[in-house]
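Secondary and tertiary structure notes
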Amino acid sequence: MSAALDVSGLTTRFDTRSGSVTAVDNVSFSVEPGRILGLVGESGSGKSVTGFSIMGLVDEPGQVVAGSVTVDGVDLRSLSDDDMRKMRGSRLAMVFQDPMMTLNPVLRIGDQMAMAVRVHRKMPKREALEESRKALDIVGIPSPAERLKAYPHQLSGGMRQRVAIAMALLHRPSVIIADEPTTALDVSIQGQILAEVRRLADDIGTAIVWVTHDLAVVSSLADDICVMYAGRIVERGTAEQVIGNPRHPYTQGLLDSIPARHEPGGHLPQIPGSTPQLSRLPSGCPFRPRCSRATEQCKSEPPSDSRDGQIVLCHHPLEGS
Amino acid sequence: MSQSLLSIDQVSKRFTRKPGLAERLAGRLSGGGEPVVVHALTDVTLEVARGEVLGVVGESGCGKSTLGRVVAGIHAPSDGTVMLDGKPITRDQRGTAEKLTTQVQMIHQDPFASLNPRMKVGETIAEGPRYHKIIPANVVSERVGSLLEQVGLEAAYADRLPHQFSGGQRQRIAIARALAMEPELLVLDEAVASLDVSIQAQVLNLFMDLQRNLGLTALFISHDLSVVRHVCDRVAIMYLGRLVELAPAKDLYERPLHPYTSALFASVPTVGTGKRVFEAIQGEIPSPINPPPGCAFHPRCPQAGPRCRREVPRLAQADDQRTVACHLNDGGVA
Amino acid sequence: MNNSSPDNSNVADSSPIIARETTATRLRNFWSDYCESRVALMALFVIIALTIGAFGAPWLVPQDPYDLSLLEWSDAFLPPGEVGSGGYTLLLGTDNAGRDMLSAILYGLRTSFVIGLSAGVLALTVGITVGLSAAYFGGRLEALLMRIVDLQLSMPAILLALVLVAMLGQGVPQIILALVVAQYAYFARTTHGAASVERRKDYIEAARSTPLPTRRIMFRHLLPNVLPPLIVVATVQVASAISLEATLSFLGVGLPLTEPSLGSLISNGFKYIHAGRYWLSIYPGIFLMITVVAINLVGDQVRTVLDPRNSR
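Conventions adopted
Residues numbered from 1 in each chain as written. Chains lettered and ligands numbered in written order. Predicted model: local features only at pLDDT ≥ 70, side-chain atom pairs only at ≥ 80, totals over all residues. Helix = DSSP H or I, 4+ residues; strand = E, 2+ residues; numbered from the N terminus. Rg over C-alpha atoms; globule rule 2.2 N^0.38 Å. Buried ≥ 20, exposed ≤ 12 C-beta atoms within 10 Å, placed from the backbone. Contact = placed C-beta atoms within 7 Å. Pairing = 2+ DSSP bridges. Nonpolar A, V, L, I, M, F, W, Y, C, P; charged D, E, K, R; others polar. Expected span 1.5 Å × (residues − 1). Arc of directions from axis to C-beta. Core = buried A, V, L, I, M, F, W, Y, C linked by C-beta atoms within 7 Å. Axes fitted to C-alpha atoms, helices over the stretch in contact; angles between N-to-C directions. pLDDT = per-residue confidence, 0-100. Parallel < 35°, antiparallel > 145°, perpendicular 65-115°, else oblique. Left-handed = near helix turned anticlockwise from the far one by under 90°.

Turning our eyes to something else, we now look at the overall build of chain A. If you tally the helices and strands in chain A, you get 11 helices and 12 strands. By the compact-globule yardstick of 20 Å for 321 residues, chain A fits well, its C-alpha radius of gyration being 20 Å. In terms of principal-axis extent, the alpha carbons of chain A reach across some 65 × 50 × 40 Å. Expressed as a percentage of the 321 residues in chain A, the buried residues total 50%.

See below:
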């Protein structure tokens, strides 16, 4: 099957006064229809900027400087601003951590959804409202017809996020980029939304990129996982491979530091040090100062992809079991 | 219960928001305009033994943070008392700060907000103990240095400002500030929730080391079930302002008794391969302004019966170490 | 207690993420940001020059305009550039009493500065106290204080100042008092706005639960964090105090001519403007305008530099 989204060599740079910072460095992955890709990383790893770069929503002083992003075979970087705007919302949509980034607080849900429908497709408002009702139904909102008349502030946080997802779904996009959409929600509500999202991918065939810091969420939701560190994808593979058999020392370290995987009360294995400032990356492999397997080679040359089933950006990957 | 350090006895906390002038006028016209009452805590009774770490778990609106703030003396309870070592410690309605105990210290969730951005780290740590004369004036700077080292930082950082540190480092500074007061009880309100996973493990290790070595007692408030399981001796589950289950961590995780507790465990994603099913709790969390009658969980509970809609379940002993507030364990739901 | 130091793997997260930053480097950064606007830099130099001129006036100018024995009637109404009986060139001419205008203006500028600065500082102090108390204590006190402030902000400051000066009488202290009463409300509003936001932050809660006494929390924790926006308001309010004072003096309720400020000089010269003796009024007017515009430009640039949205 051909990929719905293909990202290749994507590089995004921020030129600030204190120098140039590469927030996304040569990132490549592709997502097939109906699959969910988890993009995992800690703060400052560049996972959100990757999402925004795909959407063409990077603000000044940031700029996509290299690479290509292809949705359904269309190269987004060659599109004019106008065509890109048409692309967003129709074939490519985004869900944010804060649903109020998408929702207009002074408009009823139905009005703003109908408006969003009619931006891309000419139809009477009544039909647009019907489309909106269906979209709300798909994301599991009870009594959707009534919710159409509500204002965003009358809904709970979880409901608002569902509405935001429904809005992203209005035009049956091929690709949805979701940036930490359940991070601010309670676990029981998160569970409901994750179940709906899984269903969306399976039933409708949307390709989803799920950006998150939460390994537990991606391990149970995603088909494929990319782990990011300091702007690079350091490990990429299927969920089973990355979670069950991590090859990069950083992935291993992240998994090890999760309390649930250890006897209660015991000392947790921890990755020493803190996440690096992108403006002051060490030479060679950026993870080197925190890595127990680092050697002189890691200091002098940055690692390149080593490819055997899963992709690992490391000079000394862990042995597969 | 002679060894219990902290006793929370039938504590309730209601927040009343009085309507503004415009709302009152609008209310006069439409017949509403009553003050809005949020029932943040209802009738919570808890004991924490000396040296114990008690986890308090729940979703938003369950009152866990309010409980922490009442214990830390930030809010006065509407009803009930909080005692530390047999002495009442809560801020009374007109209580002045000077009379509050220094024995309870709090660590907040967001280390970017909990440190005064314009105060040097050393002064932040030293201010409390210096004011309360906990540390003799001539050794304050030495003590600050040793506290910084104790939390894994360097003594020389005392004269830096908070913005020069990462989130994990700031949380260490907040811990040092709390320890400087030589407290009997720590209240940690989501203290690792805003940290990255790798940093979270560092701070949890630090907390567990300090807790054991200093014999600290702690109220560990969190929404993260796996973190709570790792660091807590006993766990209290809260829902909509009430305590619904209280049990030793091991027993609770092996065999939850309250339907809400089991539902909560089922909806938490875990790291593992191949898990694809989310047994989500249905429905939304009700508003604490207008809690449902009877058992607050009944609208979402798969096992609810007629009695649950009528009668508020009371916290009853399930075995010698556990209590649970559910009719299933107390005569049935019919 | 010290044997509890955690294992050394904890220490690894110990290096600060930003290199040591001293007050000196912060000031240097502030200065380089400030210098990005040429106009603001020029305005700052103008203010410095005017300040030196005003406070150095006794040593800089040829004549003490207050000393009546130095005035010669024959020097009255000399146009700019003439040489008077004192033997020096009168760059800006003389007034109806034969005063050297330049000397009078610099002395007047000094009065204006003294009034503007003291009114600004006093209004700042009063405004901070009112705004902080309202924000910190909340409830009835907040409602009462802020309603008074709102009431005052809803009427023109000049009107209030006029009434007060009429009641208090003429003189520098009276004018300052009137200006403080007329202007503290701006500071109170700004302080209240900033403090209401800061007050909700966790570091205030941390200080409350420590516990620290209220006054300490207000002045050691809350105040330093609401100061930056206040500095901007303060510069603008000094300029507005100077022009308010000039207006009052021009209207004849401010300072008497024996104690000239820029306003009373303009007012005095205004009578002669139709007789072609423009310099009596125009030059003090130009000085007033330059002063007020320069202070406002500096205030604007400080606001721009302090605005966190502009930081890169």
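Attention now moves to the overall build of chain C. Helices and strands together make up the secondary structure of chain C, namely 11 helices and zero strands. Beginning at the N terminus, the succession of helices and strands in chain C can be written as α-α-α-α-α-α-α-α-α-α-α. Expected size for 312 residues packed as a compact globule is a radius of gyration near 20 Å; at 25 Å, chain C overshoots this value by more than 25%. Over its C-alpha atoms, taken along the principal directions, chain C stretches across nearly 90 × 45 × 30 Å. Across the 312 residues in chain C, those meeting the buried criterion constitute 45%. The long-range share in chain C, meaning contacts at least 24 apart out of those at least 6 apart in sequence, stands at 66%.

We now examine the sheet that holds strand β4 (residues 62-71) of chain A. Strand pairing in a sheet takes place through backbone hydrogen bonds and is either antiparallel or parallel in direction. Strand order in this open sheet of four strands is β2-β1-β4-β5 (chain A), and the pairing throughout is antiparallel. Strands with a single pairing partner mark the edges of an open sheet, and in this sheet they are β2 (19-31) and β5 (74-75) of chain A.

Next up on the list: helix α10 (residues 249-256) of chain A. In an α-helix there are 3.6 residues to a turn, and that puts residues three or four apart on one side. When we look at burial in α10 of chain A, the residues that qualify are Pro249, Tyr250, Thr251, Gly253 and Leu254 of chain A. Structurally, α10 of chain A contributes buried residues whose contacts are with α8 (215-221), β9 (224-229), β10 (232-238) and α9 (239-244) of chain A together with α6 (197-214) of chain B.

With that settled, consider the interface of chain B and chain A. On the chain A side, the residues contacting the 36 residues of chain B number 39 residues. Secondary structure elements with two or more residues in the side of chain B that touches chain A: α6, α7 (225-231) and α9 (259-267) of chain B. Here the side of chain B that touches chain A is composed, by residue class, of 15 nonpolar, 15 polar and six charged.

Residues and elements named next belong to chain C. Over its 18 residues, helix α2 (residues 38-55) runs 26 Å from end to end, which matches the ideal 26 Å to within 8%, given 1.5 Å per residue. Buried within α2 are the following residues: Ala40, Ala43, Leu50 and Ala54. Buried residues along α2 cover an arc of 80° about the axis, so they all sit on one side. Within α2, the exposed residues directed more than 90 degrees away from the buried face are Arg38, Met42, Phe45, Ile48, Ala49 and Ile52. Those residues of α2 hidden inside the fold are in contact with α1 (23-34), α3 (57-60), α4 (101-137) and α11 (279-306).

Residues Trp210 of chain A together with Leu219 and Phe220 of chain B are the most contacted members of the largest nonpolar core, which totals 268 residues. Excluding anything up to four places from it in sequence, Leu219 of chain B contacts Val48, Leu54, Val56, Gly68, Val71, Leu185, Val187 and Leu188 of chain B.

It is worth spelling out the pairing of β2 of chain A at this point. For a regular strand, the rule is simple: side chains alternate between the two faces of the sheet. Residue and element names in this part refer to chain A. Sheet topology note: the strand β1 (residues 5-16)/β2 ladder contains nine bridges and is antiparallel. Pairing of Thr12 across the sheet is with Val24, part of β2. Linkage of β1 to β2, two consecutive antiparallel strands, is achieved through a turn of two residues.

Turning our eyes to something else, we now look at the sheet that holds strand β7 (residues 185-189) of chain B. All names here are of chain B. Read across the sheet, eight strands follow the order β6-β7-β8-β3-β9-β10-β12-β11 without closing on themselves; strand pairing throughout is mixed. Each of the sheet's edge strands pairs with one partner strand only, and the pair in question is β6 (104-107) and β11 (316-317). Across two bridges, β11 lies against strand β12 (residues 323-324) in antiparallel orientation. From the neighbouring strand, Ala316 faces β12, where its bridge partner is Val324. Its contacts with the sheet put helix α5 (residues 167-180) on β6 and β7, and the angle it makes with β6 is roughly 175°.

Residue and element names in this part refer to chain C. Per-residue pLDDT for chain C averages 84, and the proportion of residues at 70 or more is 91%. Taken as a whole, residues 1-14 scores under 50 in pLDDT and shows 34 contacts with residues more than four places along the chain or in a different chain. This complex was scored by the predictor with a pTM of 0.86 and an ipTM of 0.87.

Quick look at the environment of Ala304 of chain B now. All names here are of chain B. Within the element layout of this structure, Ala304 appears in the loop between α9 and α10 (306-310). When the C-alpha atoms of Ala304 and Ala316 are compared, they prove to be 18 Å apart, with 12 residues separating the residues in sequence. Apart from residues lying up to four places away in sequence, Ala304 is in contact with His298 and Val333.

Residue and element names in this part refer to chain B. Two elements in contact, helix α3 (residues 121-131) and helix α4 (residues 140-150), have axes whose closest approach is 10 Å; the angle formed by their N-to-C orientations is 120°. Relative to α4, the element α3 is oriented oblique. Here α3 and α4 pass one another in a crossing that is right-handed. On α4, the residues that touch Gly122, Ile125, Ala126 and Arg130 of α3 are Val140, Val144 and Leu147. Counted by class, the contact of α3 with α4 contains five nonpolar, one polar and one charged residues.

All names here are of chain B. Burial analysis of strand β9 (residues 234-239) places six of its six residues in the buried class, which makes it a mostly covered element. Side chains Arg234, Ala236 and Met238 of β9 all project onto a buried face; the interleaved residues Val235, Ile237 and Tyr239 project onto the opposite face, where all are buried too. Where strand β3 (residues 53-57) and β9 come together, four bridges link them in parallel fashion. Bridge pairing links Leu54 to Arg234 in β9. Note that β9 and strand β10 (residues 242-248) share six bridges and pair antiparallel. Residue Tyr239 lies in a different strand from β10, and its bridge partner there is Arg242. In this structure, the hairpin formed by β9 and β10 is closed by a connection of two residues, where Leu240 is found at a positive phi of approximately 50°.

Next up on the list: the environment of Gln174 of chain C. On the secondary structure map, Gln174 of chain C appears in helix α7 (residues 172-199). With residues up to four places along the chain from it excluded, the contact list for Gln174 of chain C reads Val165, Leu168 and Gly169 of chain C.

It is worth spelling out the packing of α2 of chain C against α4 of chain C at this point. Residues and elements named next belong to chain C. The geometry of α2 relative to α4 is characterised by a closest axis approach of 7 Å and an angle of 105° between their N-to-C directions. As the angle between them shows, α2 and α4 are arranged roughly perpendicular. For the pair formed by α2 and α4, the contact residues are Leu50, Thr51, Gly53, Ala54 and Phe55 on the first element and Leu106, Leu109, Arg110 and Phe113 on the second. Counted by class, the contact of α2 with α4 contains six nonpolar, two polar and one charged residues.

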